[in-house]
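# Structural overview for review
Each chain is listed here by its residues.
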Amino acid sequence: MNNFSSHRVRVAEGVELHASVAGDGSPIVLLHGFPQTHLMWRHVAADLAADHTVICPDLRGYGASDKPAETSPDTYSKRTMAADIVALARELGHERFALVGHDRGALVAIRAAMDHPSAVTHLASLDVLPTLDMWDVMHGTSAAVGFHLYLMAQPPGLPEQMIAANADAFFGYFLDLWVNDPAAIPPAVRAEYLAACRAAVPSIVADYRASAGIDVEHDMADRDAGRTLAMPVTVLQQDWGAALGFDAAGLWRAWAPDLRHIPVTCGHFMAEESPAEVTKAIRDLLTR
């Protein structure tokens, strides 16, 4: 990204994250989603960097960050990936920061905010439900929209083989299906996303596999203990509830007492399709 410096930062034993950093002021960490890299924040990050320190990492297992082998369910648990982000911010000089996540990055951000409330001052989530709720609302034939969740939840071996056999078709399917304005992801950016995913099939599958197992366990433990998100939370979300029959704001409110839930009309890749709307929501969050 233009005017951003590149860093490789050790965040755990044998794991370094790549991050692009720019700006000066209170820190904001932006976490990308699937099937993307930190490049998805190129518009939003440039705007925020005018008066904030903006940190855009590639998540563990994605992009130019390290992709450790899945040796246990913890390797790609959101708890582990969240700890990466807290360590990254600390190594860059920030003990406290605002955190914004899209898609997979939002699940990491939620876990970071839950596990490290003293570090995360504000939380924004783009177009997900918390993991436990996501699985709860998937039922019947309507769950077919999330077929990839079930495919990548399977034990190691078959999902990786099937996806790697035609990785560009698999990942490209979602880039095409989930965007309302195809021009928002120009060919060069799309090619970069596909190349990054093609090189990361095992770790991407491991990330999803964790969300069908250990991540659910962690969410259930939090819910059973009555733990909630302590900081101001903003959620931007397509109206999936109308299609699948659930109240997204209500589900979110159970986790986030200080919640602002904003429905959007753009596609899933909202930071690229509607960057001004996303940037405004982030800036408004920081005033709370």
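Small disclaimer: the values here were computed from a predicted structure and weren't measured. (Residues numbered from 1 in each chain as written. Predicted model: local features only at pLDDT ≥ 70, side-chain atom pairs only at ≥ 80, totals over all residues. Heavy atoms only, no water.)

Taken together, the side chains of F147, Y173 and L177 make up a nonpolar region of the molecular surface, amounting to roughly 290 Å² of accessible area. Structurally, the position occupied by L177 is in helix α7 (residues 167-177). (Patch = residues over 30% accessible without salt bridge, like charges linked within 9 Å, V, L, I, M, F, W, Y side chains within 5 Å. Areas by Shrake-Rupley, 256 points an atom, 1.4 Å probe, with all protein chains shown as cover. Salt bridge = Lys/Arg side-chain N within 4 Å of Asp/Glu carboxyl O. Helix = DSSP H or I, 4+ residues; strand = E, 2+ residues; numbered from the N terminus.)

Take D219: it is sitting in helix α10 (residues 214-225). Here the side chain of D219 touches T131 through a polar contact of 3.3 Å, landing on its backbone nitrogen. Those residues within four positions of D219 in sequence are excluded, and the remaining contacts are R111, P130, T131, L132 and W255. (Polar contact = N/O pair within 3.5 Å; in protein donor to acceptor, adjacent residues only side chain to side chain. Contact = heavy atoms within 4.5 Å.)

What follows concerns the sheet that holds strand β5 (residues 97-102). What links the strands of a sheet is backbone hydrogen bonding, and the strands pair in either a parallel or an antiparallel sense. The sheet built from 8 strands is open, its strands ordered β1-β2-β4-β3-β5-β6-β7-β8 with mixed pairing. Looking at which strands have only one partner, the edges of the open sheet turn out to be β1 (5-12) and β8 (259-263). Shown here is a sheet whose adjacent strand axes are inclined to one another by a mean of 20°, direction ignored. Where strand β2 (residues 15-22) and strand β4 (residues 53-57) come together, 4 bridges link them in antiparallel fashion. Bridge pairing links S20 to C56 in β4. Across the sheet, helix α2 (residues 78-91) lies against β1, β2, β3 (27-31), β4 and β5, angled at about 125° from β1, the strand it touches most. Sheet strands touched by helix α14 (residues 275-286): β3, β5, β6 (120-126), β7 (233-237) and β8. Its angle to β7, the strand with the most contacts, is close to 165°. (Pairing = 2+ DSSP bridges. Axes fitted to C-alpha atoms, helices over the stretch in contact; angles between N-to-C directions.)

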